[in-house]
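Residues per chain are reported as follows:
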Amino acid sequence: MKIIIGVLALQGAYQKHVDSLTMLGVESRLIRKTSELEQCCALILPGGESTTMSLLLQENGLHEAIKQFANEYPVMGVCAGLIMMASEVDDERITPLALVQFKALRNFYGRQLHSFTADIKLNFDDDTYRAPFIRAPDIEELSGDIQTLASYNDKAVMIGQGKHIAMSFHPELTDDTRIHAYWINQF
Ligand code: GLN
C-alpha cells in the first residue's frame, strides 16, 4: 500500500510537515475537509493555536471524522496538535479529541520563556535531538500504558500510545527527520 500522510491544514504550522515528509520521500495531502482524509493512512495535527483549531475542527465536521480516523490509523500531534490529542486540557475553550489519555497544560514553558531550543534525549535513539519549543504545553496525568519517548528537565515532552505519538516541541522546524521517521516506521 502506498503511504499518503494527511497534514491538517486549517490553521498553523502545517507546511513544514509537508517538507519533512518530502525529505523522507513520503507523499502528503493537506486536509481541510473530511473527504480529504479518505486517501490517507495517517494524520499529522500541526502546531498553531489550539483554541482556534478546536473551533475550526468542530465547525467543519473534522472533530468527529478525526476521532473515527484515529481508531484505525496513526495520528501525530505537535504542540497545539498535542493539546488537541489530549483527553483533558486546562482551558475550557478547547474540546480535545481525546485520542490519548493525558492532560495538557497550555503555554506551560511559555511562562518562563517565549521559545527556546533544547537538546533532549530520545528513548529510541542514542544521539540527542535539538528540539525547538514554542509556547509549549506540559504533558500531565499520563495513563499507565502511555510510553514516554523523550524528556526534558525530567518532564515528558514526547509520548506514544499504540500508533499515536504527541510532542510538545516542533520537529518540523529542524532538518532532523528522526521523529517523523520513527513514527512512520511504526505503521
Ligand atoms: N500555545 C499554543 C496553544 O496553546 C501552542 C503553540 C504551538 O503550537 N507552537 O495553542
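Residues numbered from 1 in each chain as written. Predicted model: local features only at pLDDT ≥ 70, side-chain atom pairs only at ≥ 80, totals over all residues. Heavy atoms only, no water.

A. Broad picture of the site of the ligand. Neighbouring the ligand are the residues Gly47, Gly48, Glu49, Ser50, Cys79, Ala80, Ile83, Arg106, Asn107, Ile134, Arg135 and His170. Measuring from a nitrogen atom of the ligand, one finds a backbone N or O atom of Ile134 at 3.1 Å. Per-class residue counts for the shell around the ligand are 4 nonpolar, 5 polar and 3 charged. (Near = heavy atom within 4 Å. Polar contact = N/O pair within 3.5 Å; in protein donor to acceptor, adjacent residues only side chain to side chain. Nonpolar A, V, L, I, M, F, W, Y, C, P; charged D, E, K, R; others polar.)

B. Just the packing of aromatic side chains, in detail. Applying the stated criterion across every chain yields a total of 12 aromatic pairs. Between Phe116 and Phe133, the aromatic rings sit 4.9 Å apart at their centres with planes inclined by 10 degrees, giving stacked as the arrangement. Note that Phe116 is positioned in strand S7 (residues 115-122) and Phe133 in strand S8 (residues 129-134), a separation of 17 residues in sequence. Look at Phe133 and you get buried, because its relative accessible area is 1%. Through a chain of ring-to-ring contacts, the aromatic side chains of Phe108, Tyr109, Phe116, Tyr129, Phe133, Tyr152 and Phe169 assemble into a single cluster. (Phe/Tyr/Trp six-rings, centres within 6.5 Å; stacked < 30°, edge-to-face > 60°. Helix = DSSP H or I, 4+ residues; strand = E, 2+ residues; numbered from the N terminus. Buried < 20%, exposed > 50% of the residue type's maximum accessible area, 1.4 Å probe, protein only.)

C. Expanded view of the sheet that holds strand S9 (residues 138-140). Reading across from one edge, S5-S6-S9 is the order of the 3 strands in this open sheet, with mixed pairing throughout. Each edge of the open sheet is held by one strand with a lone partner, namely strand S5 (88-89) and S9. (Pairing = 2+ DSSP bridges.)

D. Geometry of the pairing of S7. Here S7 shows a buried face lined by Phe116, Ala118, Ile120 and Leu122 and an unburied face lined by Ser115, Thr117, Asp119 and Lys121. Here S7 runs beside S8; their pairing, made up of 6 bridges, is antiparallel. In the sheet register, Asp119 faces S8, and the bridge partner there is Arg130. Joining the antiparallel neighbours S7 and S8 is a turn of 6 residues.

E. The arrangement of the pairing of strand S12 (residues 164-167) in detail. Neither face of S12 is left uncovered, since the one carrying His164 and Ala166 and the one carrying Ile165 and Met167 both have all their residues buried. Direction of pairing for strand S4 (residues 75-78) relative to S12: parallel, over a ladder of 3 bridges. Across the sheet, Val78 pairs through a bridge with Met167, a residue of S12. Hairpin connection between strand S11 (residues 155-161) and S12: a loop of 2 residues separates the two successive antiparallel strands, and Gly162 in this loop has a positive phi of roughly 60 degrees.

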